[in-house]
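Remarks on the overall topology
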Amino acid sequence: SLPAKLINGGIAGLIGVTCVFPIDLAKTRLQNQQNGQRMYTSMSDCLIKTIRSEGYFGMYRGAAVNLTLVTPEKAIKLAANDFFRHHLSKDGKKLTLLREMLAGCGAGTCQVIVTTPMEMLKIQLQDAGRIAAQKKLMAAQAQLSSSSAAGVAEPAVETRTTATQITRELLRSKGIAGLYKGLGATLLRDVPFSIVYFPLFANLNKLGQKDPNVKAPFYVSFLSGCVAGSTAAVAVNPCDVIKTRLQSLQRGVNEDTYSGILDCTKKIWQKEGPMAFLKGAYCRALVIAPLFGIAQVVYFIGIAEFLLDMLPKHRA
C-alpha cells in the first residue's frame, strides 16, 4: 500500500542518513574547496580537522535539515519508482530495460521537489565551518607575515546560522525561488542517478531470488543497494560537484562565483582541470552505498506493513 511505502522509505532514510552524515559533510567541503585555498587533502583529513575545530557534533552540521526532509524525499523516490514500474508493466510481464530506466527517470524527477531545498539548506550549514576556518587561517598568516601585529585584526569569530534563519532570509529576498536555486543541476544529477540505480538494483536483486515470486534474502537486497548506489553515485559525481558549487551562497576568499551550469562547468574545467569533477566521488560512494543498501533492506523487509497490520489488532 502507498502508506506502507511512504513509511518504509522514511524509516530507511532516517537510519541511512544518521549513519553516513559525517562522510556527506566531508564530501560537500571537498567539492566546494577550489585550488586557491585548499583546506583539506582527503576525507579523513577533513573529518579530523572538523572535530578539532568544531567538536564531534561539528560533523553533523546540517543533519537536522536532512533528517527532517529525508523522510519525504526517500519516500517519494522509492514510492514513485514503484508507481511508474507498475504502470509501465504490461499485464504483469517483466519490464524491459528501457521501461525500467523510464520508471527511474520519473522517480528522480519527482524527488527534486523535496531534494532541492533540502540540499540547498544542508550545503550552507555543512560548508560554513570550512569558510570560517579558511578566514581564520588567512588572518593568522597575515599576522605572521606582518612585521608588527599592530593594526592587524583578530581572526573573525564564526557567527552560526540556523536553517530557519537561512530559509527566512531566502524567502524574504528571493521568494520560494531562493530555496530552489540549483534546481536544474539537481535534476541533472538525480534523474540520471535514478535511471542508473533502479534498473541496476532490480537486476542485481533478481540474481539472488530463487523464486520470482519470493523476495530475495535481506543481505542480497543490501548488497544490491550498495553496489547499485555506489555505481550510480560515481557516474553522476560531476553533476553533483556542479550542483554543490551552484547552491553554495557563501564563498571562501578568492573563490569563483558562477552564473549557471555552463558557466560553472567551464570555469571548473579551465581553472581546476577535468579531475575536479571527481572531487568527493569516493566520499559520495561511501555515503550512497550504505544509504541505499539500508533503504532497500528496510523497504523490502516491509517494517511499515508489520506496523500497519498490528494497528487494527491493537485497536480490536
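Residues numbered from 1 in each chain as written. Predicted model: local features only at pLDDT ≥ 70, side-chain atom pairs only at ≥ 80, totals over all residues. Heavy atoms only, no water.

Under an unreviewed UniProt entry, the name given to the chain is Mitochondrial glutamate carrier 1, and the source organism is Eurystomus gularis. Quoted straight from UniProt, the Catalytic activity (unreviewed entry) entry for the chain says "L-glutamate(in) + H(+)(in) = L-glutamate(out) + H(+)(out)". (UniProt positions renumbered as here; feature names shortened; annotations may be inferred.)

1. Focus on the overall build of the chain
Counting secondary structure elements, the chain contains eleven helices and zero strands. Counting from the amino terminus, the chain carries its helices and strands in the arrangement α-α-α-α-α-α-α-α-α-α-α. With 316 residues in all, the chain has 48% of them scored as buried. Sequence-distant contacts in the chain: of pairs separated by 6 or more residues, those separated by 24 or more amount to 80%. Just so you have it, the chain exposes about 15700 Å², and 66% of that area is on carbon and sulfur atoms. (Helix = DSSP H or I, 4+ residues; strand = E, 2+ residues; numbered from the N terminus. Buried < 20%, exposed > 50% of the residue type's maximum accessible area, 1.4 Å probe, protein only. Contact = heavy atoms within 4.5 Å. Areas by Shrake-Rupley, 256 points an atom, 1.4 Å probe, with all protein chains shown as cover.)

2. Digging into helix H3 (residues 63-88)
Taking 1.5 Å per residue, 26 residues should reach 38 Å; H3 reaches 36 Å between its end C-alpha atoms and fits that length. When the local axis directions of H3 are compared, the greatest deviation, roughly 45 degrees, occurs at Val-70, which is followed within four positions by the proline Pro-72. (Expected span 1.5 Å × (residues − 1). Bend = angle between axes of the 7 residues up to and from the residue.)

3. Points about empty space enclosed by the protein
This model, assessed by the stated rule, comprises one cavity of 30 Å³ or more. A volume near 290 Å³ is recorded for the largest cavity. Among the secondary structure elements, those contributing two or more residues to the lining of the largest cavity are helix H1 (2-32), H3, helix H4 (97-145), helix H6 (183-207) and helix H10 (281-301). Each residue belonging to the lining of the largest cavity can be placed in one class, and the counts come to ten nonpolar, three polar and ten charged. (1 Å grid on protein atoms, 1.4 Å probe; cavity = no way out; pocket = protein on both sides within 12 Å on 5 of 7 lines; lining within 4 Å. Points joined across faces, edges and corners; volume = space filled by probe spheres on them. Nonpolar A, V, L, I, M, F, W, Y, C, P; charged D, E, K, R; others polar.)

4. Points about the nonpolar core
Of all hydrophobic cores here, the largest spans 39 residues; its most connected members are Phe-193, Tyr-197 and Ile-288. Every element with two or more residues in this core is listed here: H1, helix H2 (43-54), H3, H4, helix H5 (163-174), H6, helix H7 (218-235) and H10. For this core, the element with the highest residue contribution is H1, accounting for six residues. Once you skip the residues sitting within four places of it in the chain, Ile-288 turns out to touch Phe-193, Gly-229, Ser-230, Ala-233 and Gly-293. In this structure, Ala-185, Ile-242, Leu-246 and Tyr-258 belong to the second largest nonpolar core, which totals nine residues. (Core = buried A, V, L, I, M, F, W, Y, C linked by side-chain atoms within 4.5 Å.)

5. Considering the packing of aromatic side chains
Going through the model one piece at a time under the given rule, you end up with eight aromatic pairs. Their ring planes at 15 degrees and their centres at 6.1 Å tell us that Phe-21 and Tyr-60 sit as a pair that is stacked. On the criterion of sequence distance, the pair formed by Phe-21 in helix H1 and Tyr-60 in the loop between H2 and H3 is long-range, its members being 39 residues apart. The class of Phe-21 is buried, set by a relative accessible area of 1%. Put simply, the rings of Phe-21, Tyr-56, Phe-57 and Tyr-60 touch in pairs and so form one group of aromatic residues. (Phe/Tyr/Trp six-rings, centres within 6.5 Å; stacked < 30°, edge-to-face > 60°.)

6. Brief notes about a nonpolar patch on the surface
A surface patch of nonpolar side chains, amounting to about 440 Å² of accessible area, comprises Phe-218, Tyr-219, Phe-222 and Leu-223. Positionally, Phe-218 belongs in helix H7. (Patch = residues over 30% accessible without salt bridge, like charges linked within 9 Å, V, L, I, M, F, W, Y side chains within 5 Å. Salt bridge = Lys/Arg side-chain N within 4 Å of Asp/Glu carboxyl O.)

7. Some details on the pattern of salt bridges
Close approach of charged atoms allows side chains of opposite charge to pair. Under the definition given, this model contains 19 salt bridges. Of the charged contacts in the structure, one is a salt bridge between Glu-54 and Arg-29, with a shortest N-O distance of 2.9 Å. Of the two residues, Glu-54 sits in helix H2 while Arg-29 sits in helix H1, which places them 25 residues apart along the sequence. You can call Arg-29 buried: its relative accessible area is 0%. A cluster of three or more residues bridged by salt bridges with shared partners is formed by Asp-24, Lys-27, Glu-119, Lys-122, Arg-189, Asp-190, Asp-240 and Lys-243.

8. Notes on the environment of Cys-46
For Cys-46, the location among the structural elements is in helix H2. Put simply, Cys-46 and Ala-26 are 20 residues apart on the chain and 5.9 Å apart in space, counted from C-alpha to C-alpha. Leave out the neighbours within four places in its chain, and Cys-46 touches Ala-26, Arg-29 and Tyr-40.

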